[in-house]
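Structural characterization, general
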Amino acid sequence: MNFFREDPNLSFILEQYLDEEFLEWAKKELDDYGELCANEIDERAVHTDREGQPQLVKYDKMGNDISEVWVNEGYKQTVSETYNRGIVGYVHKDIPELNRKGNYIYSYAQGYLLSQAEPGFYCPVTLTMATAYLLDHYGSEELKEKYLPHVLSTGDVELYEGATFLTERQGGSDVGANETTAVQEDDHYKLYGEKYFASNAGMCGVAMVLARTEDAPEGTKGLSLFLVPWRNEDDSLNGIQIRRLKDKLGVRAVPSAEVVFDGAEAYMVGEPQKGIHYMMEALNLSRVCNAVASIGIMQRAYLEARAYAYERSAFRNQLKDFPMIQDTLATLKAKQEVDTSSVFQMISLFDRVMNEPENTSEKHQALNRLLIALLKKETAEQAIHFSHESIEMHGGNGYIEDFVTPRLLRDAQVLTVWEGTANILGLEVLRLMKKYHIDKMFIDEIKGRIDQLPVSLSEEYGLIYGELDALKKQAARIAVMEHEEQTYYAKFIADKMTKIFESVVALEDAVVGGERKLAIAKVFMQHTWKKDQPDWDQQSLAYYDLIVEEKTTSNV
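Just so it is clear, the structure is predicted and the values come from calculations on it, not from any experiment.

Conventions we followed
- Residues numbered from 1 in each chain as written.
- Predicted model: local features only at pLDDT ≥ 70, side-chain atom pairs only at ≥ 80, totals over all residues.
- Heavy atoms only, no water.
- Phe/Tyr/Trp six-rings, centres within 6.5 Å; stacked < 30°, edge-to-face > 60°.
- Helix = DSSP H or I, 4+ residues; strand = E, 2+ residues; numbered from the N terminus.
- Buried < 20%, exposed > 50% of the residue type's maximum accessible area, 1.4 Å probe, protein only.
- Lys NZ or Arg CZ within 6 Å of the ring centre and 35° of its normal.
- Axes fitted to C-alpha atoms, helices over the stretch in contact; angles between N-to-C directions.
- Parallel < 35°, antiparallel > 145°, perpendicular 65-115°, else oblique.
- Left-handed = near helix turned anticlockwise from the far one by under 90°.
- Contact = heavy atoms within 4.5 Å.
- Nonpolar A, V, L, I, M, F, W, Y, C, P; charged D, E, K, R; others polar.
- Domains from an automatic or database assignment.
- Pairing = 2+ DSSP bridges.
- Salt bridge = Lys/Arg side-chain N within 4 Å of Asp/Glu carboxyl O.

Our next topic: the packing of aromatic side chains. Within the structure shown, the criterion is met by 16 aromatic pairs. Each ring, one from Phe-22 and one from Tyr-106, has its centre 5.9 Å from the other, and the planes form 50°; the classification is tilted. In this pair, Phe-22 sits in helix H2 (residues 20-50) while Tyr-106 sits in helix H4 (residues 104-117), placing the two residues 84 residues apart along the sequence. A relative accessible area of 2% means that Tyr-106 is categorised as buried. Geometrically, the ring pair formed by Phe-165 and Phe-261 is tilted, given 6.4 Å between the ring centres and 40° between the ring planes. Here the residue Phe-165 occupies a position in strand E5 (residues 164-165), and Phe-261 occupies one in strand E11 (residues 256-269), the gap between them amounting to 96 residues. As far as burial versus exposure is concerned, Phe-165 and Phe-261 are alike and both buried. The residue whose ring lies beneath Lys-58 is Tyr-59, and the NZ or CZ to ring-centre distance is 6.0 Å. Residue placement shows Lys-246 over the ring face of Tyr-196; its charged tip is 3.4 Å from the ring centre.

Moving on, we come to the packing of H4 against helix H8 (residues 323-355). Packing of H4 against H8 brings their axes to within 9 Å, and their N-to-C directions diverge by 140°. Accordingly, the angle class assigned to the pair H4 and H8 is oblique. Our pair here, H4 against H8, has a crossing hand that is right-handed. Across the interface between the two elements, Tyr-104, Ile-105, Tyr-108, Ala-109 and Tyr-112 from H4 touch Gln-336, Thr-340, Phe-344, Ile-347, Ser-348, Phe-350, Asp-351, Met-354 and Asn-355 from H8. The residue makeup of the contact of H4 with H8, split by class, is nine nonpolar, four polar and one charged.

One can read the domain layout of the protein as domain 1 (8-152), domain 2 (162-275) and domain 3 (433-555). On a C-alpha basis, the centres of domain 2 and domain 3 stand 42 Å from each other.

Right, let's talk about the pairing of strand E8 (residues 206-213) for a bit. The element E8 is extensively covered by neighbouring structure, given that eight of its eight residues are classed as buried. Direction of pairing for strand E6 (residues 181-185) relative to E8: parallel, over a ladder of two bridges. Residue Ala-182 lies in a different strand from E8, and its bridge partner there is Thr-213. Relative to strand E9 (residues 223-229), E8 runs antiparallel, the two being bridged by seven bridges. Along E9, the bridge assignment pairs Leu-210 with Leu-225.

Here we come to the pattern of salt bridges. Throughout the structure, instances matching the rule amount to 43 salt bridges. Glu-271 serves as the salt-bridge partner of Lys-274, at 3.4 Å between the closest nitrogen and oxygen. Residue classification places Glu-271 among the partly exposed residues on the basis of a relative accessible area of 46%. One salt bridge connects Lys-517 with Glu-337, and the closest N-O pair in it is separated by 2.7 Å. Of this pair, Lys-517 sits in helix H16 (residues 515-529) while Glu-337 sits in helix H8, placing them 180 residues apart in sequence. Given the relative accessible area of 3%, Glu-337 is considered buried.

Structure below.
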């Protein structure tokens, strides 16, 4: 199997965003990586999940606290093969063959393939991407010169993976309650405190940590950002201890720990008391990664469900020949492709905002934040749904750890929690409504895009226009409520916006992609807007051959 070749939709997407030279190079690289992810990396993922999980080596033979994290050799090989392909590095430095920088589109295409094999390993990559961004954009020249080449390593120098440590025991999502302190000593600081859910602990070379200087005010406004090397020049621990590794439901490949700082040497990144602002930018990057991991799980779950339906027989027929099975596969595939197109459209905007903020309007910066919140929430929930559907397709076998389906479900569950729960993301939408009137911006943006589409899809346009009118009235009613009452409707508004945005993406793809994409748009919109109504036209069955088997038809 090759995950890249199994997904022509990814090529369809890349052709819309990459120029000819970059596209030709990227397709070859992704084809090689897709083969690797579907075979060797996938095999290592099984081993890591079942027998080779990271382990804490707390003490050496003399009883000294060494707080080392052991990972298996296959894990180390995956680290080398993935970072050396530029999944982090080529966002910030030139691709040698092209003499130009890569971009987030290409990096996230790699992450999408990797997540189909091991979303748990994509977490450290995500943290390293965030570390690279923070260091590149806000680090001093001295810090960048010393550490950035290692964080961006593609095999040319020693790799320093990254980490971002925010969460503390007393705070959780309430980062303003953080208590870790930073005491200045000459040109650096000493950190004291603990982080309660520190992923990639023991594997990172540097960590980005939020802490409060001695004279800083309480709350998020008093937090500064610090770079903390994991080890000193002599390879000893830099005032850091690991209390324990978390025993997690899924994503077992990434070591998540309780970390104690006891005089760890640290260097301020950026301006004092701006840490929360910097980290929120990195959080948005991580939320995009979260969405990419989610669509990766969705694709793998679909592939497993489809393969089983074509292999398994019941009641003297293959599963794929039953109408209910065909309906499931067609609707899953339509949803997965639309969600993937939506995520990469969001990534295209995100790429511009991150790399050209001075050339990005306030409107597009606000829309970027909105789409990240909407699609992180939606794709995380869909990753669980797809994993559930794949398990059900397998019947009892889907519940057995010999199959990949239980691991997909275990790994998917954390994606609704990492980088903000649905409640937190709903509150982000409310903040954007209050600060930017994002509901009005969104409605105007969608109407403008609909006006650019051909009139042949008038029925679908009418449906979306009706939903936009309803959204306008609902948002206006919520706007005059007290804040506590507004929060009750936050997820409702987020869900409505998501459905509208993805519907427009589906129709735009149909214009570019021809009859198969039009069939996907029709099935998607039926399932999205009329799910509780009987589809007397049985569109998922009528378009099954076109959507699932990709056979030409004239029924659209």
